[in-house]
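Residue-level structural notes
Chain by chain, the residues run as shown.
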Amino acid sequence: MIYESTRDVSKKINPSEAILQGLSEEGGLFVLRDLGKKKLNLEKLIGKNYYEIAEEVLKLFLDFSNEEIKYCVENAYRGKFSNESITPLVELSDSFILELFNGPTSAFKDIGLSLLPQLTKIALTKVNDKNNILILTATSGDTGKAALEGFKDVDRTKIMVFYPNDGVSTVQKVQMQTQEGENTKVCAIHGNFDDAQSGIKELFIDEEFKRQLLEKNIKLSSANSINIGRLIPQVVYYVVSYLELVNREKITLGDKINFIVPTGNFGNILAGYYADKIGLPINKLICASNSNNVLYDFLTTGIYDRNRNFLKTVSPSMDILISSNLERLLYYISDCDNKYVAQLMNNLKETGKFEVSDEILRKIQEKFQTGYTSDDDTKKTIKLIYQKDNYLLDTHTAVAYKVLLDNFDKEHKNIVLSTASPYKFTESVYSSLNDFSDEDEFILMEKLNELTKVTIPKNLKDLDKKEIRHNDVIEKNDMKKYILEKLGDL
Ligand SMILES: *Cc1c(COP(=O)(O)O)cnc(C)c1O
């Protein structure tokens, strides 16, 4: 089983190396050329649980043994999610909500970031690498915390997370500052998310720095969604939720359904496309954007143009203008044309823009539909669904729900992917239902709970009473010095 770079057919490596390396050296993403040659046997999976389905799906993407895959899946999820079915499917009056937020940090990133560390651990043994791994991550909130939880006390790994001191929500900051684990380090920087991100990227190409680490038997790796080890776990819940509809006799095996996905980096929805490739009957994948609607424009016109203002919205985890994983879709849609993809990505780098051919756009639109939602409509949708279905959406899920309502397809069942607990974005959710109240997030959490009776996730409740373990704040240019200094503590 061989992965190759989206931009260079000669860059070929096995799955373990792809997981450890994250990104190909010329900037391409790793992809399986033969994706879809082998299909899932869906009939055989009816009635199976999340773990059993995960094992069958992962086999199509990894050359790990059955025992290794089982070990990874068990360690990632058993006892770590608040709902036994991992991703419960909730029926509302006119659609289904797939809850992806029952993991240790209440965001959907837990699904990928719980499994990635386990895959990393096995990958290290398979390539016979004696070094330890240092995960460096810059975060605007959700990824950092989910990565910390996933890698916490995992053998042969250490993790350091950097976040902008004034750029994350109160809940997100306290979630990170109270992080436990002997191999974790969290640090704020004076600067914004881009400063943190660029700082990390520079370290990944700093040969002197990497040599210094190697002297300590440490190699760098990354935990963001360009890593296949984070993407593949996300294919599983598409299959699980489809089969759940079959179990509940809402559809019969073979019927096609729609998935509506609140999208930022295009990782989640791309996992849906992978599910389609391995044989899941999908009618449309509906890409929902907020006002940063660069993907909406692309999917309707074929022109991707990031030269525009970056807007801050009430769905901050989707505030993104470069959707990295789109590159993988372009690779598959162009029938694995690495040169074509390299050229588009080069245009994006040089001009901030690229345009695909009519033929490519038409092929994309056969499977993808799109829409976008303003902040105002996001908040109205939270209120509407709460009143109509007594169900509390978070802001990201509400973006997707509004897009569903705007394009309602009665011919097919519709599953909306829910990516965060409403309590992660308490202020926006609370003010959607009630007059805005300028109070402490943790007081608002209690108020929202009193109002709606929706349970506060255990990891968020009493977070303000947990011990602060990380309160370092540094200048943005001091990250390298900080890492070398603090590495000894881990
Ligand atoms: C990361 C995130 C998204 C966007 O997912 P992508 O895979 O980047 O498209 C949506 N909602 C929430 C809450 C997230 O944390």
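Note: the structure precedes this text.
Quick notes on the rules
- Residues numbered from 1 in each chain as written.
- Predicted model: local features only at pLDDT ≥ 70, side-chain atom pairs only at ≥ 80, totals over all residues.
- Heavy atoms only, no water.
- Helix = DSSP H or I, 4+ residues; strand = E, 2+ residues; numbered from the N terminus.
- Rg over C-alpha atoms; globule rule 2.2 N^0.38 Å.
- Buried < 20%, exposed > 50% of the residue type's maximum accessible area, 1.4 Å probe, protein only.
- Contact = heavy atoms within 4.5 Å.
- Areas by Shrake-Rupley, 256 points an atom, 1.4 Å probe, with all protein chains shown as cover.
- Lys, Arg positive; Asp, Glu negative; His and termini not counted.
- Charge placed at Lys NZ, Arg CZ, Asp CG, Glu CD.
- Pairing = 2+ DSSP bridges.
- Axes fitted to C-alpha atoms, helices over the stretch in contact; angles between N-to-C directions.
- Parallel < 35°, antiparallel > 145°, perpendicular 65-115°, else oblique.
- Nonpolar A, V, L, I, M, F, W, Y, C, P; charged D, E, K, R; others polar.
- Salt bridge = Lys/Arg side-chain N within 4 Å of Asp/Glu carboxyl O.
- Phe/Tyr/Trp six-rings, centres within 6.5 Å; stacked < 30°, edge-to-face > 60°.
- Lys NZ or Arg CZ within 6 Å of the ring centre and 35° of its normal.
- Near = heavy atom within 4 Å.
- Polar contact = N/O pair within 3.5 Å; in protein donor to acceptor, adjacent residues only side chain to side chain.
- Core = buried A, V, L, I, M, F, W, Y, C linked by side-chain atoms within 4.5 Å.

1. Topic: the overall build of the protein
- Helix and strand content of the protein: 21 helices and 16 strands.
- Taking 490 residues into account, the globule formula puts the C-alpha radius of gyration at 23 Å, and the protein, at 21 Å, falls close to it.
- Taking the principal axes of its C-alpha atoms as reference, the protein extends roughly 60 × 55 × 45 Å.
- Of all 490 residues assigned to the protein, the portion counted as buried reaches 59%.
- Taking as baseline every contact in the protein between residues at least 6 positions apart, the subset at least 24 positions apart corresponds to 74%.
- Accessible surface, the protein: about 20,000 Å² in total, of which carbon and sulfur atoms supply 44%.
- Distance between charge centroids for the protein: 3 Å, based on 63 positive and 73 negative side chains.

2. Quick notes on the sheet that holds strand E15 (residues 413–418)
- Read across the open sheet, the 6 strands follow the order E4-E5-E15-E10-E11-E14; overall the sheet is mixed. Looking at the sheet topology across the chains shown, the edges are occupied by strand E4 (89–91) and strand E14 (368–372). Ignoring strand direction, the axes of neighbouring strands in this sheet form an average angle of 25°.
- With 4 bridges joining them, strand E10 (residues 257–262) and E15 adopt parallel strand pairing. When the bridges of E15 are listed, Ile 257 appears paired with Lys 413.
- Along the sheet face, helix H13 (residues 294–301) touches strand E11 (282–289) and E14 and points at about 135° away from the line of E14.
- Sitting on the sheet, helix H18 (residues 395–406) touches strand E5 (96–99), E10, E11, E14 and E15, and the angle it makes with E15 is about 160°.

3. Side note on the sheet that holds strand E6 (residues 132–138)
- On the basis of which strands lie adjacent, the open sheet formed by 5 strands has the order E9-E6-E7-E8-E16 and parallel pairing. Each of the sheet's edge strands pairs with one partner strand only, and the pair in question is strand E9 (218–221) and strand E16 (472–475). Direction aside, neighbouring strands of the sheet carry axes that sit 30° apart on average.
- The sheet strands contacting helix H6 (residues 142–151) are E6, strand E7 (157–164) and strand E8 (184–190), and the helix crosses E7 at an angle near 165°.

4. A closer look at the packing of helix H14 (residues 326–333) against helix H16 (residues 358–367)
- Where H14 meets H16, the axes come as close as 10 Å, and the angle between the chain directions of the two elements is 105°. Put simply, H14 runs roughly perpendicular to H16. Across the interface between the two elements, Leu 329, Leu 330 and Ile 333 of H14 pack against Ile 360, Lys 363 and Ile 364 of H16.
- Within the contact of H14 with H16, the residues separate by chemical class into 5 nonpolar, no polar and 1 charged.

5. Some words on the side chain of Glu 441
- Mapped onto the secondary structure, Glu 441 falls in helix H20 (residues 441–452).
- In this structure, Glu 441 is buried with no salt-bridge partner, the nearest side chain bearing the opposite charge being Lys 424 at 11 Å.
- Those residues in contact with Glu 441 that sit more than four places away from it in its chain are Thr 170, Val 171, Thr 426 and Glu 427.

6. Things to note about the packing of aromatic side chains
- Applying the stated criterion to the full structure yields 15 aromatic pairs.
- The interplanar angle of 70° and the centroid separation of 4.8 Å between the aromatic rings of Tyr 238 and Phe 259 together place this pair among those described as edge-to-face. Separated by 21 residues along the polypeptide, Tyr 238 in helix H11 (residues 235–247) and Phe 259 in strand E10 bring together distant segments of the chain.
- On the accessibility criterion, Tyr 238 (0% relative accessible area) is buried.
- Here Phe 298 and Tyr 304 contribute two aromatic rings whose centre-to-centre distance is 6.0 Å and whose plane-to-plane angle is 65°, an arrangement assigned as edge-to-face. There is no split in this pair, since Phe 298 and Tyr 304 are both buried.
- Through a chain of ring-to-ring contacts, three or more aromatic side chains come together here, namely Phe 61, Phe 266, Tyr 273, Tyr 274, Tyr 331, Tyr 332 and Phe 368.
- Across from the ring centre of Tyr 51, 3.8 Å away, lies the NZ or CZ of Arg 78, which sits over that ring.

7. Examining the site of the ligand
- Around the ligand, 15 residues are found, and the nearest of them are Lys 109, Asp 142, Gly 264, Asn 265 and Thr 419.
- Taking Gly 264, its main chain carries an N or O atom lying 2.7 Å from an oxygen atom of the ligand.
- Between Gly 267 and the ligand, the recorded distance is 3.2 Å, taken from a backbone N or O atom to an oxygen atom.
- Considering only residue class, the shell around the ligand consists of 5 nonpolar, 8 polar and 2 charged.

8. Focus: the pattern of salt bridges
- One pass over the structure, following the stated rule, counts 34 salt bridges.
- Arg 7 serves as the salt-bridge partner of Glu 327, at 2.8 Å between the closest nitrogen and oxygen. Taken together, the positions of Glu 327 in helix H14 and Arg 7 in the loop between strand E1 (3–5) and strand E2 (12–13) put the pair 320 residues apart, joining distant regions of the chain.
- On the accessibility criterion, Glu 327 (4% relative accessible area) is buried.
- In this structure Arg 7 comes out as partly exposed when scored by relative accessible area, which is 25%.
- The partner of Asp 8 in a salt bridge is Lys 11, and the shortest N-O contact between them spans 3.2 Å.
- We classify Lys 11 as partly exposed; its relative accessible area is 23%.

9. Comments concerning the nonpolar core
- With 111 residues, the main nonpolar core has Phe 61, Tyr 77, Tyr 238, Phe 259, Tyr 274, Leu 330 and Phe 354 as its most contacted residues.
- For this core, the element with the highest residue contribution is H11, accounting for 10 residues.
- Ignoring any residue separated from it by four or fewer positions in sequence, one finds Phe 61 in contact with Met 1, Tyr 3, Pro 15, Leu 32, Leu 35, Ile 232, Val 235, Tyr 274 and Ile 278.

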